[in-house]
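Residue strings, one per chain:
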Amino acid sequence: MGLEALLKGDGFITTTLDAVIAWARKNSVWPMPMGISCCAIEMMSVGDSKYDISRFGSEVMRMTPRQDDVMIVAGTVTYKMSHVVRKVYDQMADPKWVIAMGVCTSTGGMYRSYPVVQGIDQFLPVDLYVAGCPPRPDNLLNGLMQIQEKIGKTRARDFKNKKQETATVVK
Amino acid sequence: MFEEYKDKVISTIREGMPDVEFEFSEFRGELTVAFDKAKLVEVAKFLRDDDFLRFNYMVDVTAVDWATRTDRFEVVYNVFSMKLKFRLRFKVAVDESDLQVETVSGVWKAADWYERETYDMYGIKFANHPDLRRFYMPEEFEHYPLRKDFPVMGIPGSLTMPKK
Ligand code: SF4
């Protein structure tokens, strides 16, 4: 939520400004690389010169959640890890998005067993699921482009009166 | 290496510890020996320190849950002798009524974490272990997942997740 959230009304200037900001925002999506297991390898290769995520303005993978816009959860999330994932998500500044990369993250995948969370949407609001085990890097880029579209449509008023989520306390 | 040293290893162990009852078995070039858990540390020290054997590398500690047997659990130790290039597996039986084995982490330091893992998964306590805590599962978890009576999808509510 930036300064534009304070803009009121639907006048020419405010809507244009809103659109410009959304355009800028969608072309500089900084990902939080939440690489937990094998999917992280594909996420890394998205950053290399062959697939080159910087064509989409997302090459700035920041290891600190405070500078990120989208969290790419890449890998098998166990119950023990879920607290950490949520803690990182809670530290990201609004507006923020989440990509669930791979079947493990989306549904638990082949790990239908006791330690694995069967889908991170049980504790995180997920915006986009990328299918595959692991998803090919181009599939992740496809996911990124779709989330850019979603971000481009986001307007400041979407954040107005948004209920502030209370952070979960992790022991 | 196996055929060469097998008989010598067996006789060395038998002669070195005459008061322990050993039960040797061989399967596909692997030697296994079972004995009473009361003698565990004594035998372990002997295996490590004997001049011929020198089993100085602790490879793994794990357990087996036989579910219906009288001695329900079996703790399995895998050791390797760098001198002989020889692998040995030794087992001790543990019953549910007395889920306790003496630790061998004083003999092989590497056994420390393996024993913690075995404790985490099977609930077998290792007496005099320096730091017997859960290994993979969260501290507050109350069950032992690799036991046969543990459901594969877990026990609902036993593991916590953050609120959405
Ligand atoms: S979806 Fe496949 S590649 Fe990705 S973390 Fe799970 S098992 Fe690994």
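Residue numbering note: each chain is counted from 1, following its sequence as written. Throughout, the order in which chains and ligands are written sets their labels, letters from A for the former and numbers from 1 for the latter. It should be noted that, the model being predicted, local features are given only for residues of pLDDT at least 70 and side-chain atom pairs only at 80 or more, the latter also being counted only at that level, while totals for whole chains, interfaces and linings use all residues. Side-chain measures here rest on the full set of heavy atoms in the structure, leaving out hydrogens and waters.

A short note on the sheet that holds strand 4 (residues 128–130) of chain A
Residues and elements named next belong to chain A. The criterion, for reference: When DSSP locates at least two bridges between a pair of strands, those strands are taken to pair. Helix and strand assignments follow DSSP, with helices taken as H or I runs no shorter than four residues and strands as E runs no shorter than two, numbered in order from the N terminus. Think of each axis as a best-fit line through the C-alpha atoms, taken over the contacting stretch in the case of a helix, with angles from 0 to 180 degrees between the N-to-C directions.
Taken in spatial order, the 4 strands make up an open sheet running 1-2-3-4, and their pairing is parallel. The strands lining the two open edges of the sheet, one partner per strand, are strand 1 (31–35) and strand 4. Shown here is a sheet whose adjacent strand axes are inclined to one another by a mean of 20 degrees, direction ignored. Note: strand 2 (residues 70–74) against strand 3 (residues 97–101), 5 bridges, orientation parallel. Looking across to strand 3, one finds that Val73 is bridged to Ala100.

Observations concerning helix 1 (residues 2–16) of chain B
Residues and elements named next belong to chain B. Operational definition: Multiply 1.5 Å by the residue count of a helix minus one, and that product is the helix's expected span. Here's how the labels work: a residue is buried when its accessible area is under 20% of the maximum for its type, exposed when over 50%, partly exposed in between, all with a 1.4 Å probe on protein chains only. Contacts are residue-level and defined by heavy atoms, with any inter-residue pair within 4.5 Å sufficient.
Counted at 1.5 Å a residue, the expected span for helix 1 with its 15 residues is 21 Å, and the 20 Å between its end C-alpha atoms agrees. Residues Phe2, Tyr5, Lys6, Val9, Ile10, Thr12 and Ile13 constitute the buried set of helix 1. Residues of helix 1 that are buried make contact with strand 1 (23–27), strand 2 (30–35), helix 2 (40–49) and strand 5 (86–94).

Let's talk about the confidence of the model for chain A
Residues and elements named next belong to chain A. Selection rule: Per residue, pLDDT measures the predictor's confidence, with a range of 0 to 100.
Counting all residues, the mean pLDDT for chain A is 84, and 85% of those residues have values of 70 or more. Element-level mean pLDDT values for chain A span from 83 in helix 1 (residues 12–26) up to 92 in strand 2. Every residue in residues 167–171 is under pLDDT 50, and counting partners more than four places away or in other chains gives 7 contacts.

Observations concerning the interface of chain A and chain B
Short version of the rule: Buried area is a sum: the accessible area each of two parts loses on coming together, probed at 1.4 Å, counted once for each and added. Only one rule defines a salt bridge in this text: a Lys or Arg side-chain nitrogen within 4 Å of an Asp or Glu carboxyl oxygen. For the purposes of these results, a polar contact is taken to be a pair of N or O atoms within 3.5 Å, where, inside protein, one atom must be able to donate a hydrogen and its partner to accept one; residues adjacent in sequence count only when each atom of the pair is a side-chain atom. Put simply, Ala, Val, Leu, Ile, Met, Phe, Trp, Tyr, Cys and Pro go in the nonpolar bin, Asp, Glu, Lys and Arg in the charged bin, and everything else, Gly too, in the polar bin.
Counting residues at the interface gives 17 residues for chain A, matched by 16 residues for chain B. Of the roughly 1400 Å² buried at the junction of chain A and chain B (both faces included), carbon and sulfur atoms supply 68%. On the surface where chain A and chain B come into contact, there are 0 salt bridges. Seen at the junction of chain A and chain B, the total is 3 residue pairs in polar contact (both at pLDDT 80 or more). By residue class, the composition of the side of chain A that touches chain B is 7 nonpolar, 6 polar and 4 charged.

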